[in-house]
Amino acid sequence: MSTQPTVGKPVSRLEGKLKVTGAAKYAAEYDVPGLLHGYVVNSTITKGKIVRVDTGRAKAVNGVIEVITHQNRPKLAWFDLQYTDMDAPPGVVFKPLYDAEIKYNGQPVALVVATDFETARYAATLVSFEYEEEPFETCLDNNLEKARDAKKGFATILRPPPPKPTGDFEGAFKNAPVKVESEYWHGVEHHNPIELFATTTVYEGDGKLTIYDKTQGTINNQVFVANVFGLHFKDVRILAPFVGGAFGSGLRPQYQLFLCVMAALLLKRNVRVVLDRKQMFSFSHRPQSVQRTRFSTDENGKLTGLNHSAVSETSQFEDYTEQVVAWSHKLYPAPNTLFEYKLVPLDVHTPIDMRAPGGVTAMHAIECTMDQLAYKLNLDPLEFRLRNYAETDPSTQKPFTSKALRECYQKGAEKFGWQKRNPTPGSTIRRNKLVGYGMATGMWDAYQFPARMEAMITKEGKLVLNNAVTDIGTGTLTVMSQIAADELGLPLEDVTFNYGDSKKPFSMFQGGSSVTASTGVAIVVAAKTLKKKLFKKAAGIKNSPIAGASEEDVIFKDGNIYLRNDPTAYVSFKDIISLNNGRAIETTNMGAPDVLNLRKYSKAAHSATFVEVEVDKDLKIITVTRAVTAVAAGKIINPKTARSQILGSMVWGISKALHEETIMDEKLGKYINTNLGEYHIPVHADIHELDVIFADEKDTLINELGVKGVGEIGLVAVPAAIANAVYHATGTRITKLPIHFDELL
Amino acid sequence: MNNFDYIRASDIDDALASLNTHDNGSFIAGGTNLIDLWKYNLLHPDLLIDINHLPGHHAIEEIEEGGVRLSAFLTNADTAYHPLIEERYPLLSKAILAGASAQIRNMATNGGNLLQRTRCYYFYDPDAPCNKRNPGSGCSALNGYNRIHAILGASENCIAVFPSDMCVALAALDAVVNVTGINGERNIRFEDFHRLPGDTPELDNNLKRGEIITSIDLPAKGFAKNYSYLKLRDRHSYAFALVSVATGMELDGDIIKEARIALGGVAHRPWRLKEAESFLQGKRADEHSFAAAADMMLEGAKGFKYNSFKIELAKKAIVRNGLMALDPHSQLPGAQPSA
């Protein structure tokens, strides 16, 4: 009996070798016979109508098969709802090539299909459009007076409107002895996964399509394609075995999928459409937001009032919302609260979730305001937070299923050396650098969605699992395999987890840090049933060595069922299957959150980030020299992949605080730095010492695995911690992200 | 990409003769900018003349006057790490290594570095007005997002900046550019090579069509004892300079015998001011002198909505870089973390 549990062990990614050797195939890498290549033409105006299209020159190019525009596109579903997807906000989904109307700059207006990519790209430059332009608005700051409440709809279930006010905020704030009022701003960001959005559609005939797509949700896109093109669900198969990052941008079907399928159906050919880097800026993004906070405390630093209001942009056609303003009251108790959230529709594409949507936006404002209050109170920022530590969720009065934030504070501070901080801004100098320490708290929801798992023991005695979920680079394959291996007592190599295929049983799209809980719990449920079935078969064998035993008397290990107190008595999985006439033992089960019980609790992951920055005393160049993030996210299935998740998020936090922004030229109505040379994300030279700590957080209530997910939580606190460190170094508070060093000059 | 012909030139004459066999012929060396421009639909060459393999054109060698000649066809990486450059012209080496990325420097050539186009966002967007790309269409940057744009020598037609780091050092070193055309060879002083935008922003430099840069001459004086290159930007690598400074000095004790200061990221060409350099002659090499020279260099600088900070930043950078040049081996921490 040699098999050791793998959960909690730093198992390396099972697909790692395929990825580093280039053997892993991504959506744009499937070569199929007679493949045609589509290249998208995007609108060059921001708003208006197409009045004339000339595709003649493009069509005349040798190798061009077809140029599809709104004028000659095939018939499409006409009912708006048929274009919807599981993540669609309230409103009317954008429909590519639907009509002559231009709703945003960069909107796809044609697809050129040719025998090779370069021909398609060249011919795309020859398609000409004449437009009738209309005035547009793309600047949030200029349109704040248009702010209005968001429409409600299906997607609002996960993003409820702001909670109702409690107490009397205005009265409390007016009379508070200590208070702070500030405004925070951050710009647009685009996800920019390194893998470009791409789809390869294999036209199988008879209305059947096999589609390799870049997505975070195979079934979501399957339903979309079937609905829009009037196909049977079972005839549409979406495969996404490898996804080179997505960060939220793959939560909804993007336009390359639509155009690729349209071309394949029209031409009855295999077609691939790959977007280029510039086109990666022509769909979803993180919305720019303006936030206002007013927080007050009593003389002892106990919060008495929390007011947080946010205005974010959305498109003219959908009301994309995030949960921004509710977080402060989930984190800190205060008797008087007032929260407002509004949208300004602009002539841009609808935003979409991007790593820690809403949470990281909110926490920038909340945790910088807390920092300001700490200085006013002459309290250490960490001590101030501990004085306002919430043992139960202040916004609902419910207990948390678990909350090890205190341990995050303590372990993070200790590892970082927080106690060495001189409280006076600008007081610590290292040669020609001002040194600043900053900290911030992070919080993220702990989601779990229903998922179905098919599990079977094969005649080789091995475990095979089937589920539609993707692995967007987070380590899902590895983590799911670990959970399954441990449940059945098998070594990892005896587990095969098939995933990234819409034909397999249901999982939600991979978002919100939900997959380990959702799909993982489905594995636990399926494994339990499978074990029951195996045990029954084993106990029923003639002269079974475990005859007469109850299920409690046996253990599953190494592909055998042993008697707990007599390891010499066992039945192997192989024997069970061969006595089952070689037929696999299988089961399909649903895993779902225990909603009734969970209603009694609040559930969340927490984090604390501590940051050291150096700011050049003359030139003001900023460097994040050290950062520690301590995370409380329940049980950590795989400390290696989890650490990678948190590290990646910390790098992103540095990016968000100091580098990353998509710049909108409001006169042209378009983004202008649409390439990775000018859309700055950190490079190696920007990243120094990063540390990750996981708090020991046992959660027996949240789900069968006690997990909360580690995708978003690593990012939430980082930008605020950096902004606070910059203040501590310089005495100047920059409330805009990203912080440009020259603002400190 | 449009279809195109490709030939590998056997020598300079072959390359020059091939250019006019097509309407839109283009030389290609490293291609690190040309391919970008092509993909962005700004250029459509119908003939590529590969000038990477011209025999006898890949050397760095000492020349009679005591200087060094760099082949134009050598890569930036091979130049920056060449012993003659590291020893005699470390300012040039440091400037090259401050630019681009290792991969790009491995491809990019010295001649190509001089000819790279601006990184103005609007220049790269074929649908935006841009006088440099489409003369007469207007300048989108003038009233647009102009954080990365010029504060010196700009015109109302164009406020783009020249993005090279290498050229800032070449300007400080008084390099000479050797070119060959159908009508023979000529030499262009570095300060005459790049242009200010004026009324013809479409012209970046004074190289004529049908001319090839063959080599760059560095005068004997390399300022190898007292030099520094400081580059300030929005991240610590792989970003173009908001402001950069190349400083070379010859000292007599703590008195400046000769000083060279060139600025990058602030104008349509590397920016020098002879008056400021003469002012420093005979002065003490200290913060005070550098600050006075900085004020002279930035006199008349004009900021726009998003880039006025560059004026102050450039002054501070000149001072810091002067101090760094006093002890180049320690490289007093400038833009780098102190760890």
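Since this is a predicted model, take the numbers as computed values, not measurements.

Here the focus is the overall build of chain A. Per the secondary structure count, chain A includes 17 helices and 29 strands. Computed over its C-alpha atoms, the radius of gyration of chain A comes to 27 Å, within 12% of the 27 Å expected for a compact globule of 745 residues. Taken along the three principal axes of its C-alpha coordinates, chain A extends 80 × 75 × 50 Å. Looking at the 745 residues of chain A, the share that counts as buried comes to 58%.

Here the focus is the overall build of chain B. Check the secondary structure of chain B and you find 12 helices and 12 strands. Whereas a compact globule of 339 residues would reach a radius of gyration of roughly 20 Å, chain B reaches 20 Å, a difference of no more than 12%. Projected onto its principal axes, the C-alpha coordinates of chain B cover approximately 60 × 50 × 40 Å. Look at the contacts in chain B between residues 6 or more apart in sequence, and 63% of them connect residues 24 or more apart.

All right, on to the sheet that holds strand E23 (residues 585-591) of chain A then. All names here are of chain A. Here four strands make up an open sheet; going across it, the order is E19-E18-E17-E23 and the pairing mixed. Only two strands of the sheet have a single neighbouring strand rather than two, namely strand E19 (495-498) and E23. Taking the axes of each pair of neighbouring strands and ignoring which way they run, one obtains an average angle of 20° across the sheet. As paired elements, strand E18 (residues 463-466) and E19 share four bridges and run parallel to each other. For asparagine 466, the partnering residue across the bridge sits in E19 and is asparagine 498. Along the sheet, helix H11 (residues 476-488) makes contact with E18 and E19, crossing E19 at roughly 135°. Contacting strand E17 (451-457), E18 and E23, helix H12 (residues 515-540) crosses the sheet at an angle of about 145° to E23.

On to helix H12 (residues 309-326) of chain B. The first and last C-alpha atoms of H12(B) sit 26 Å apart over 18 residues, in line with the 26 Å expected at 1.5 Å per residue. Burial within H12(B) is extensive, with 14 of its 18 residues counted as buried.

Judged by nonpolar contacts, the single largest core of 333 residues is most densely connected at Val112(A), Ala484(A), Val631(A), Ile722(A), Val726(A), Leu91(B) and Ala169(B). With 12 residues, the top contributor of residues to this core is H12(A). Residues within four places of Ile722(A) in sequence aside, it is in contact with Gly438(A), Val611(A), Val613(A), Val624(A), Gly653(A), Ile654(A), Ala657(A) and Leu658(A).

Right, let's get into the confidence of the model for chain B. Residue and element names in this part refer to chain B. Here chain B averages 95 in pLDDT, and 97% of its residues register 70 or above. In the predicted structure, residues 332-339 sits below a pLDDT of 50 and forms 23 contacts with residues beyond four places in sequence or in another chain. Under the prediction, the complex receives an ipTM of 0.96, its pTM being 0.97.

Moving on, we come to helix H5 (residues 90-97) of chain B. Quick reminder: α-helices carry 3.6 residues per turn. Residues three or four places apart thus point the same way. Residues and elements named next belong to chain B. Across the eight residues that make up H5, a large majority, seven, are buried. All of the buried residues in H5 are Pro90, Leu91, Leu92, Ser93, Lys94, Ala95 and Ile96. If you follow the buried residues of H5, they end up packed against helix H3 (76-80), helix H4 (83-88), helix H6 (102-107), helix H8 (166-172), strand E9 (226-232) and strand E10 (243-252).

Pairing between the strands of a sheet comes from backbone hydrogen bonds, and it takes one of two forms, parallel or antiparallel. All names here are of chain A. Ordered in space as E20-E21-E22, the three strands form an open sheet in which the pairing is antiparallel. Strands with a single pairing partner mark the edges of an open sheet, and in this sheet they are strand E20 (554-557) and strand E22 (566-572). This sheet shows a mean twist of 30° between the axes of neighbouring strands, independent of strand direction. Bridge analysis of strand E21 (residues 560-563) against E22 gives four bridges, and the strand direction is antiparallel. Bridged to isoleucine 561 within E22 is valine 571. The sheet strands contacting H12 are E20, E21 and E22, and the helix crosses E21 at an angle near 70°.

This brings us to the interface of chain A and chain B. Taken together, the contact between chain A and chain B spans 31 residues of the former and 30 residues of the latter. It is helix H3 (residues 117-124) of chain A that contributes the most residues to the side of chain A that touches chain B, three residues altogether. Grouping the amino acids of the side of chain A that touches chain B by side-chain chemistry returns 10 nonpolar, nine polar and 12 charged.

Here we take up the domain arrangement of chain B. The domain architecture assigned to chain B consists of domain 1 (5-50) and domain 2 (226-326). Spacing between the C-alpha centres of domain 1 of chain B and domain 2 of chain B amounts to 37 Å.

Our next topic: the environment of Leu265(A). Residue and element names in this part refer to chain A. Here leucine 265 shows up in helix H6 (residues 255-267). Judged by the 19 C-beta atoms lying within 10 Å of it, leucine 265 falls in the partly exposed class. Leucine 265 sits 78 residues away from glycine 187 along the chain, and the two C-alpha atoms are 39 Å apart. Non-local contacts of leucine 265, meaning those with residues more than four positions away in its chain, are made with Pro74 and Phe229.

In most cases, non-glycine residues show a negative phi, while peptide bonds are predominantly trans. The omega angle of the peptide bond from Leu737(A) to Pro738(A) is -10°, so this bond is cis rather than trans. You can see Pro738(A) is positioned in the segment after strand E29 (736-737). For Asn192(A), which is not glycine, the phi dihedral falls at a positive 50°. Locating Asn192(A) in the fold gives a position in the loop between strand E7 (178-186) and strand E8 (198-205). Overall, the presence of 21 C-beta atoms within 10 Å leaves Asn192(A) in the buried class. Residues other than glycine seldom take positive phi values, yet Tyr238(B) does so here, at roughly 50°. Structurally, the position occupied by Tyr238(B) is in the loop between E9 and E10.

A few words on the environment of Phe290(B). Residues and elements named next belong to chain B. Position of phenylalanine 290 relative to the elements: it lies in helix H11 (residues 287-297). Between the C-alpha atom of phenylalanine 290 and that of isoleucine 318, which follows or precedes it by 28 residues, the distance is 6.7 Å. Not counting chain neighbours up to four residues away, the residues in contact with phenylalanine 290 comprise Ile318, Val319 and Gly322.

Before going further, it helps to examine the packing of H11(B) against H12(B). All names here are of chain B. Packing of H11 against H12 brings their axes to within 8 Å, and their N-to-C directions diverge by 145°. Read as a crossing pair, H11 and H12 show a hand that is right-handed. The residues of H12 that touch H11, namely those facing Glu287, Phe290, Ala291, Ala293, Ala294, Asp295 and Met297, are Lys315, Ile318, Val319, Gly322 and Leu323. For the contact of H11 with H12, the per-class residue count stands at eight nonpolar, one polar and three charged.

What follows concerns the domain arrangement of chain A. All names here are of chain A. Here the domain parsing of chain A yields domain 1 (16-22 + 449-592), domain 2 (31-135 + 194-246 + 250-275) and domain 3 (143-189 + 286-447 + 600-744). Taking the mean C-alpha position of each, domain 1 and domain 2 sit 39 Å from one another. Facing the 14 residues of domain 1 at the interface are 20 residues of domain 2. In terms of residue class, the side of domain 1 that touches domain 2 is made up of five nonpolar, six polar and three charged.

With that settled, consider the pairing of strand E5 (residues 68-71) of chain B. Residues and elements named next belong to chain B. Pairing geometry for strand E4 (residues 60-62) and E5, over three bridges, is antiparallel. Paired with isoleucine 60 across the strands is leucine 70, a residue of E5. In this antiparallel pair of consecutive strands, E4 and E5, the connection spans five residues, and glycine 66 shows a positive phi of 100°. Judged from the four bridges that link them, E5 and strand E8 (residues 211-218) form a sheet pairing that is antiparallel. Each residue of the ladder has a partner; that of arginine 69, found in E8, is aspartate 217.

This part is about the pairing of strand E16 (residues 433-445) of chain A. Residues and elements named next belong to chain A. Along E16, 13 of the 13 residues are buried, which leaves the element largely enclosed by surrounding structure. As judged from the three bridges shared by strand E15 (residues 428-430) and E16, these two strands associate in the antiparallel manner. Within the sheet, the bridge partner assigned to arginine 430 lies in E16 and is lysine 433. Two strands pair when backbone bridges link them, and E16 and strand E24 (residues 604-616) are joined in this way by 13 bridges, in the antiparallel orientation. Bridge pairing in E24 places leucine 434 opposite valine 615.

Criteria and thresholds
Within each chain, residues carry numbers counting from 1 in the order of the written sequence. Here chains are named by letter from A upward and ligands by number from 1 upward, in the order in which they appear as written. The predicted origin of the model limits local features to residues at a pLDDT of at least 70 and limits the giving and counting of side-chain atom pairs to 80 or more, whereas totals for whole chains, interfaces and linings rest on all residues. A run of DSSP states H or I qualifies as a helix once it reaches four residues; a run of E qualifies as a strand once it reaches two. Both are numbered from the N-terminal end. With C-alpha atoms as the basis for the radius of gyration, the globule rule is written as 2.2 Å multiplied by the number of residues raised to the power 0.38. Counts of 20 or more other C-beta atoms within 10 Å of a residue's own C-beta define buried residues, counts of 12 or fewer define exposed ones, and intermediate counts define partly exposed ones; C-beta atoms are placed from the backbone. By the convention adopted here, residues make contact when the C-beta atoms placed from their backbones lie within 7 Å. A strand pair is defined by DSSP finding two or more bridges across the two strands. For helices, the fitted axis covers only the stretch in contact; all axes are lines through C-alpha atoms, and the angles between them, taken along N-to-C directions, range from 0 to 180 degrees. Residue count minus one, scaled by 1.5 Å, sets the expected span of a helix. By convention in this section, buried Ala, Val, Leu, Ile, Met, Phe, Trp, Tyr and Cys residues joined through C-beta atoms within 7 Å make up a nonpolar core. Per residue, pLDDT measures the predictor's confidence, with a range of 0 to 100. Nonpolar residues are Ala, Val, Leu, Ile, Met, Phe, Trp, Tyr, Cys and Pro. Charged residues are Asp, Glu, Lys and Arg, and all others, Gly as well, are polar. How far each domain reaches was decided by an automatic or database domain assignment. Throughout, a crossing is termed right-handed when the near helix is turned clockwise from the far one, and left-handed when it is turned anticlockwise from it by less than a right angle.

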